[in-house]
Amino acid sequence: MSRTLTYREALREGLDEELARDPNVVLMGEEVAQYNGAYKVTEGLWKKWGDKRVVDTPISEAGFIGMGIGASMLGVRPVMELMFWSFHSVAFDQLVNNAACVRYMSGGLCHCPIVVRGPANGGTNVGATHSHIPEGLFAAFPGLKVCAPATPADAKGLIKAAIRDNDPVYVMENTLLYGNSGEVPDPADGDFVVPLGLADVKREGSDLSIIAHGRSVIHALAAAETLQEEHKISVEVVDLRSIRPLDQETILKSVKKTNRVVLVDESKPFGGVSAMVSHLIQEQAFDYLDAPIQRVCSIDAPAIYSPHIEPEQLPNPRRIIEKVLSMG
């Protein structure tokens, strides 16, 4: 059985279940407790679990992320909320130089089971300094795991998997998805977890593969519907879900099936997740390609503030459709 939940509600349910399952799980961040979270993801959890399990922190990302890393090395499983992932830069030493290296530098004696979650997206007209999409950046560092759920079910399943993992896991959410609704398995039917490192084929197709993650999956599905209805093009949509570890098998299987691929990635085009996936396909499935790999990324400039222009800077269904049709 399943129920319809919003992305926000699914995340909250996952957090609540993990708080109940493991007394070492704690939630920390700016305004996550009494204020119920800046985006209301943690609404009601402080009232239910109290001050020791849901903890408001000062406005100091370097301070509370560092605290969470230290706590995780001593057996706590902290889930840290960043109000924006754009604030990663003031805690970069903690997120990368500390969390990513703890297990390696200790010869495997220390684990760092910390989760850092929060919005990582553009499209909300909050300016360049609050609109970064850093999943490709963090996936570049060995020792870190990164995921980007696109649907309510995946949001719940991935946050639960992240909390249980013994490595640092950075969960990249999207504020524009928080209100989206979808079917989520009922807790009465058992423990629902989406393993890290497992992609999902959201739509079967035969003519072309669109590979995406996060909100770009929603755009890819919309584009696929239009391409089928108006151009009789059968599009397969692959949702990476997990950026690192990356499900190479599902990616390559889809490309070998359809022989054409468009990569959709809200990050900027220089480097990034789609660049890595493009290299993987070129290296291991080149002989299966009937056309060059194409990419639809954010236009290579700082995030535009204007609410009329920013949607055109980001991937959207129109841009995806135009790219597919340009392949001939």
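Since we're looking at a predicted model, the values are computed, not measured. (Residues numbered from 1 in each chain as written. Predicted model: local features only at pLDDT ≥ 70, side-chain atom pairs only at ≥ 80, totals over all residues. Heavy atoms only, no water.)

## Observations concerning the domain arrangement of the protein chain
As a reminder, the rule being used: How far each domain reaches was decided by an automatic or database domain assignment. Buried surface area refers to the total accessible area, computed with a probe of radius 1.4 Å, that the two partners give up upon joining, counted for both partners together. By definition here, a salt bridge exists when the distance from a side-chain nitrogen of Lys or Arg to a carboxyl oxygen of Asp or Glu is within 4 Å. Pairs of N or O atoms are called polar contacts if they sit within 3.5 Å, as long as, within protein, a hydrogen donor faces a hydrogen acceptor (for residues adjacent in sequence, only side-chain-to-side-chain pairs). Each helix corresponds to a stretch of at least 4 residues labelled H or I by DSSP, and each strand to a stretch of at least 2 residues labelled E; elements are numbered beginning at the N terminus. The classification used treats Ala, Val, Leu, Ile, Met, Phe, Trp, Tyr, Cys and Pro as nonpolar, Asp, Glu, Lys and Arg as charged, and all other residues, Gly among them, as polar.
On domain assignment, one finds that the protein chain holds domain 1 (2–189) and domain 2 (200–326). Summarising the inter-unit geometry, the C-alpha centres of domain 1 and domain 2 are found 26 Å apart. Of the roughly 1,900 Å² buried between domain 1 and domain 2 on both sides combined, carbon and sulfur atoms contribute 57%. Here domain 1 is connected to domain 2 by two salt bridges. Between Asp154 and Arg241 there is a salt bridge, with its nearest N and O atoms 2.9 Å apart. Summed over the shared surface of domain 1 and domain 2, the number is 11 residue pairs in polar contact (both at pLDDT 80 or more). Secondary-structure elements contributing two or more residues to the side of domain 1 that touches domain 2 are α6 (135–139), β6 (145–147) and α7 (152–164). For the side of domain 1 that touches domain 2, a count of residues per class yields 16 nonpolar, 10 polar and three charged.

## Things to note about unusual backbone geometry
Note that the residue after Arg244, namely Pro245, is joined by a cis bond; omega there is 5°. By the secondary structure assignment, Pro245 is in the loop between β12 (242–244) and α9 (248–258). The phi angle at Arg241 is positive, at roughly 60°, despite the residue not being glycine. By the element assignment, Arg241 lies in the loop between β11 (235–239) and β12.

## Brief notes about the packing of α9 against helix α10 (residues 273–284)
Formally: Angles here are taken between N-to-C directions and fall from 0 to 180 degrees, while the axes themselves are lines fitted to C-alpha atoms, restricted in helices to the stretch in contact. By the definition adopted for this analysis, an angle is roughly parallel if under 35 degrees, roughly antiparallel if over 145, roughly perpendicular if from 65 to 115, and oblique otherwise. The sense of a crossing depends on the near helix, which, turned anticlockwise from the far helix by less than a right angle, makes the crossing left-handed and, turned clockwise, makes it right-handed. Two residues qualify as a contact provided that any one of their heavy atoms is within 4.5 Å of a heavy atom in the partner residue.
Where α9 contacts α10, the axes come no closer than 10 Å and their chain directions differ by 60°. Classified by the interaxial angle, the pair formed by α9 and α10 is oblique. With respect to the hand of their crossing, α9 and α10 are arranged in right-handed fashion. Every residue of α10 that contacts α9 at Gln248, Ile251, Leu252, Val255 and Lys256 is listed here: Val277, Leu280, Ile281 and Gln284. Grouping the constituent residues of the contact of α9 with α10 by class yields six nonpolar, two polar and one charged.

## A few points about the packing of aromatic side chains
Just so we agree on the cut-off: Pairing of aromatic rings covers Phe, Tyr and the six-membered ring of Trp, with a centre-to-centre limit of 6.5 Å; geometry is then stacked below 30 degrees between planes, edge-to-face above 60, and tilted otherwise. Each residue gets one of three labels from its accessible area relative to the maximum for its type: buried under 20%, exposed over 50%, partly exposed in between, using a 1.4 Å probe on protein chains only.
According to the stated counting rule, one finds nine aromatic pairs in the structure shown. Ring geometry for Trp85 against Tyr170: centres 5.4 Å apart, planes inclined by 50°, an arrangement best described as tilted. Here Trp85 is found in the loop between β4 (77–81) and α4 (92–98), whereas its partner Tyr170 is found in strand β7 (residues 169–173), with 85 residues between them in sequence. Overall, Trp85 belongs to the buried group, its relative accessible area being 0%. For the pair Phe138 and Tyr170, a centre-to-centre distance of 5.3 Å together with 90° between the ring planes defines the contact as edge-to-face. A residue pair is termed long-range when its members are at least 10 positions apart, and Phe138 in helix α6 and Tyr170 in strand β7 qualify at 32 residues. The same class applies to Phe138 as to Tyr170, namely buried.

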